[in-house]
Structures are given as C-alpha cells and as structure tokens.
Amino acid sequence: MRSWPGPGSHLIFLMWVLCLTAILPAGQMLPLLITVLLFGLLNGGRGLSPLRRARFWIMILSIIAISPWILGQADEAWGPWRLSRQGLFMGLEMALRAICLLLAFSVSVRSLSPGEMVRLFEGVGLKGLGFALGVALNLLTTLGATIEAAYHTIRLRGGHRRPWLALKLLLITTIANALRYGDDVVKAASARGFDPGVQHPQPPLFRRADGVFALSLVAVAGVLLLHPW
Amino acid sequence: MIKEKTAGLARYTVRDWVYVAVFGALWGAAELTLGSYLHVLFPPLADTFVIGLIMAGLGSILLLVGRCFVPRAGAVLMMGIITAVLKAFSLGGIVIGPIVAILAESLLIEIALLLTRQPVRWHFALAGSLAVSWNFFHKFIMMRLLFGKGIEAVYLKMIQDGSRVLHLDVRYSLLILLILFLVRVAVGALCGWLAWDLGSAVQRRLAPAAAPEE
C-alpha cells in the first residue's frame, strides 16, 4: 500500500488551493505558493516538473509582459510606449495566482498514477469507469497506429484532392476500426467472465492521515487569512 | 436512429463501458496531439477563438457519434471524464483549461440529450451548439479562476480580435461579441448535424460485421 500522501490527500489539497485562490487577497498569494511548493517537495517533487518547462515560463512571463500595455491607466513612458505601473502589478498578481493553481493541479491530480486514478473512481462508486479508463489508456497507442494507417491509405488513394471527403473518410475509418478493436476487448473481457459491477475489496479512499492533513490545511488557511503579511 | 435505454451506470454492460472508453480515447488522442500542437502555435493569452472552436467542434462530433453507440444516460459525461483524465496525463505543461472545457462541454451535451428520450438530428445540433458555445464563456471563467482580475483584458482582446476579423469598428463591441457568440452556436450546430450523419455512416460501415448484443 502506498504511504501518505495518498489520492485522498491530493484531492483535499487541490480543493484547498482552489478555495484559497478564490478568497485570498493578492498579497497573500506568495505564502500560498510556498505552501504549494512545500507540498510538491514533500511529494517527491514529481508534480513540480512544469517549473522545468520553457512553455510554462513563456506563458507566465507573457502575462507579466502584456499586462502593462492592456491593464490600468498608462502613467509611465518607456521610449515610444505608454505603460501602466498598475497594470504591471496586476500582471504580477495574475502570474502568481496562475503559478499557484497550475502547480497545485500538477502536484495533486497529475502526480497520481493511472492505477491510483482507477482506484479513485472505484472508491467513489464508479466501478465501470475505472475499467473504461484502463481500456482507454491501453487504447491510445493502438489508436495512433490506426489513425496513421487510415491516413496513409486515404492519401495514397488521392485523398488530398478532395480534403473534406478525405477528412470524413478518415473519421469514419478511425471510429469504425476503434470500435472493432473495442469489440475484441469486449470478447476478451466476456471470455474471462469480467463484470464491471462486481465489488472488489478496495482500501478506503480517505484514511485517518488524510483527515489530519485536512485539519492542518484548515489551520494553515486560517493563518493565511488572518495573519497580516 | 437511437433508442434511449433507461438505466443508470449500474446497468451499463461491458460493451457500453468499452465503447465509452473508445470514444473517450478518441477525443483524448485528438486533444493530446492536435490540441497540444494548436496550443503551442497559439499561446493562451494570444488567442481567444481558433483553438477552442476547433477542439470543441471535434470533441462534440466524437461525443455525439459516441452517443449513437452508447444510447444511455450519462455516457457522454463518462466519455468526457475519460478524455479529461487522459489529458491530465499528457506531457504538455498547462492542461487545467482544456480539462475544464472538456468536462463542461461533455456535461452540456449530456444535459441537452437528457431532455429527450429518443434523440433526432436537431437534438444533436442543439447539443453541439451548447457544447461549442461554452468556448465563448470559457476564456472569461478561466481568466477569472487563473488570473483573478484579467476579465477586462479578455473582453478587450476578444473585441479587438473580433473587430479585426469582422472588419467592424471597436465601437460596436456588443455587436462583435454577439457575432462571435453566434459563430460558435452555428459551428456547434453544424458539428451536431454532421455527427448525426457520421454516426449513421459508421453504423453502416460496421453493420455487416456487427457483434451480437451482450
């Protein structure tokens, strides 16, 4: 069994950050971001991978760069441009809020493995959905090959001359082939006597440690809201 | 074409769940490849129109065709949840926006089709319209959620983009917003309309090799 933090704690943490980003004033975003980073590090740093991606920083920096032009009243001259100091501060607040939410999402939901996600669904009573998710995950590679084969077949038959017809044929062929593959999965599952409605013993989604974690988050929220930062 | 089966999730057969997985995976594959590619080409703050329209249109077509094969209440929402989970596992850095859009669009299609026991073509068109029109509100909601105060920036950006595309003066801001909204409604209706035909075409393609009912 996986030690703390489990799926329950991850969900609690995501909900906590969502609530706090909605109610915290802009000045208190920095302590919240530090809390998110600490949780990410406590979790082995798995969910902090966006910080290493250029795309993440391009998005954040673009918010800060664009804001002085489009937000607030222009009160500063920078060469030929008129910029807004208020807009720059608003951009910084927006960027901080965005980093908080994106990282919270990353360290919580995205750090769960597919197996944990399936267990999560089964834990809330959606037994078949866990099975369907497993099928979908295994289907992705097959779908790639199916789409590629259909595309090249249509292209070699002159599909580029009539692009709309080619697109329609590509969709029909891909969906039909995916459903045929699905029928094979159904036959295999039926041959094994699989029933998605049957109850399998599962460890509980929320454990005592998750409850303690939720209480500590409530305490941290109180400090963030009441302490004059 | 489709007869609605009265049942909750408990009555789903293995075939229903596998078909839910197939259509969830199809939309997921589109989001992971085409969606990620488009998001790199058009960064989130620079574009308020194109990506959402393309991905929402494609998604609504796939969900509605899926509904032809799993005519049960809740099936479209389940497909949306699977797509959202697949998107969450994608390698791209920023997925919270697309995930909210996927869930909202599948929920809107589900609600539109819940109102009818036996969907016909115009129900599909209505469901498609509802799903794609979410794209109009999505940017405002995500901006409010992610950035707090950016809603006026989105409004201005949307009007400036719309003014440039429609060759209308920015003074006609309400008209520009109305046109941008109606374009989404029309594209959604067209997607729903096409999904009806596409569903029939796939059923015809599979008919000779159709497997017996579970």
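Engineer: Explain the overall build of chain B to me, please; I cannot follow it from the model alone.
Structural biologist: Scanning chain B from terminus to terminus reveals seven helices and zero strands. Reading chain B from its N terminus to its C terminus gives the helix and strand order α-α-α-α-α-α-α. Put simply, 73% of the contacts in chain B that link residues at least 6 apart link residues at least 24 apart. On chain B, roughly 8,800 Å² of surface is accessible, and the fraction owed to carbon and sulfur atoms is 70%.

Engineer: What is the right way to look at the nonpolar core in this model?
Structural biologist: One recurring pattern in soluble globular proteins is that nonpolar side chains are buried together. Among the nonpolar cores identified, the biggest contains 106 residues, and Phe13, Trp16, Ile175 and Leu179 of chain A together with Val20 and Phe69 of chain B are the most heavily contacted of them. If near-sequence neighbours (up to four positions away) are discounted, Leu179 of chain A is found in contact with Tyr19, Val22, Phe23, Phe69, Val202 and Leu206 of chain B. Residues Phe136, Phe140, Met158 and Leu180 of chain B belong to the second largest nonpolar core, which totals seven residues.

Engineer: Mind showing me how you'd approach a nonpolar patch on the surface here?
Structural biologist: All names here are of chain A. A cluster of nonpolar side chains, contributed by Ile66, Trp69, Ile70, Trp78 and Trp81, occupies part of the molecular surface with about 550 Å² of accessible area. Sort the elements by how many residues they give to the nonpolar patch and helix 3 (residues 54-70) lands first, with three residues. Examined against the element boundaries, Ile70 turns out to sit in helix 3.

Engineer: Looking at this structure, how should I read the interface of chain A and chain B?
Structural biologist: Size of an interface: often given as the accessible area lost when the parts come together. Facing the 56 residues of chain A at the interface are 52 residues of chain B. Between chain A and chain B, roughly 5,000 Å² of surface is buried when both sides are summed, and carbon and sulfur atoms account for 80% of that area. Our count for the contact surface shared by chain A and chain B stands at one salt bridge. Residues Asp183 of chain A and Arg15 of chain B are paired through a salt bridge, measuring 2.4 Å at the closest nitrogen-oxygen approach. Where chain A touches chain B, the interface holds two residue pairs in polar contact (both at pLDDT 80 or more).

Engineer: What's the story with the layout of surface pockets in this structure? I'm lost.
Structural biologist: In this approach a probe as big as a water molecule rolls over the atoms, and the regions it shows empty are the leftover space. A volume near 1,100 Å³ is recorded for the largest pocket. What lines the largest pocket is a set of 28 residues, among which Leu167, Leu170 and Leu171 of chain A together with Leu34 and Leu58 of chain B lie closest to the centre. Mapped by element, the contributors of at least two residues to the lining of the largest pocket are helix 6 (127-156) and helix 7 (163-191) of chain A together with helix 1 (14-41), helix 2 (50-69) and helix 7 (173-206) of chain B. No other element matches the seven residues that helix 7 of chain A contributes to the lining of the largest pocket. Here the residues of the lining of the largest pocket sort into 22 nonpolar, four polar and two charged.

Engineer: Help me understand the side chain of His123 of chain B, please; the structure alone is not making it clear to me.
Structural biologist: Examined against the element boundaries, His123 of chain B turns out to sit in helix 5 (residues 121-147). Judged by relative accessible area, His123 of chain B falls into the buried class, the value being 14%.

Analysis parameters
Residues numbered from 1 in each chain as written. Chains lettered and ligands numbered in written order. Predicted model: local features only at pLDDT ≥ 70, side-chain atom pairs only at ≥ 80, totals over all residues. Heavy atoms only, no water. Helix = DSSP H or I, 4+ residues; strand = E, 2+ residues; numbered from the N terminus. Contact = heavy atoms within 4.5 Å. Areas by Shrake-Rupley, 256 points an atom, 1.4 Å probe, with all protein chains shown as cover. Core = buried A, V, L, I, M, F, W, Y, C linked by side-chain atoms within 4.5 Å. Buried < 20%, exposed > 50% of the residue type's maximum accessible area, 1.4 Å probe, protein only. Patch = residues over 30% accessible without salt bridge, like charges linked within 9 Å, V, L, I, M, F, W, Y side chains within 5 Å. Salt bridge = Lys/Arg side-chain N within 4 Å of Asp/Glu carboxyl O. Buried area = accessible area lost by both parts, 1.4 Å probe. Polar contact = N/O pair within 3.5 Å; in protein donor to acceptor, adjacent residues only side chain to side chain. 1 Å grid on protein atoms, 1.4 Å probe; cavity = no way out; pocket = protein on both sides within 12 Å on 5 of 7 lines; lining within 4 Å. Points joined across faces, edges and corners; volume = space filled by probe spheres on them. Nonpolar A, V, L, I, M, F, W, Y, C, P; charged D, E, K, R; others polar.

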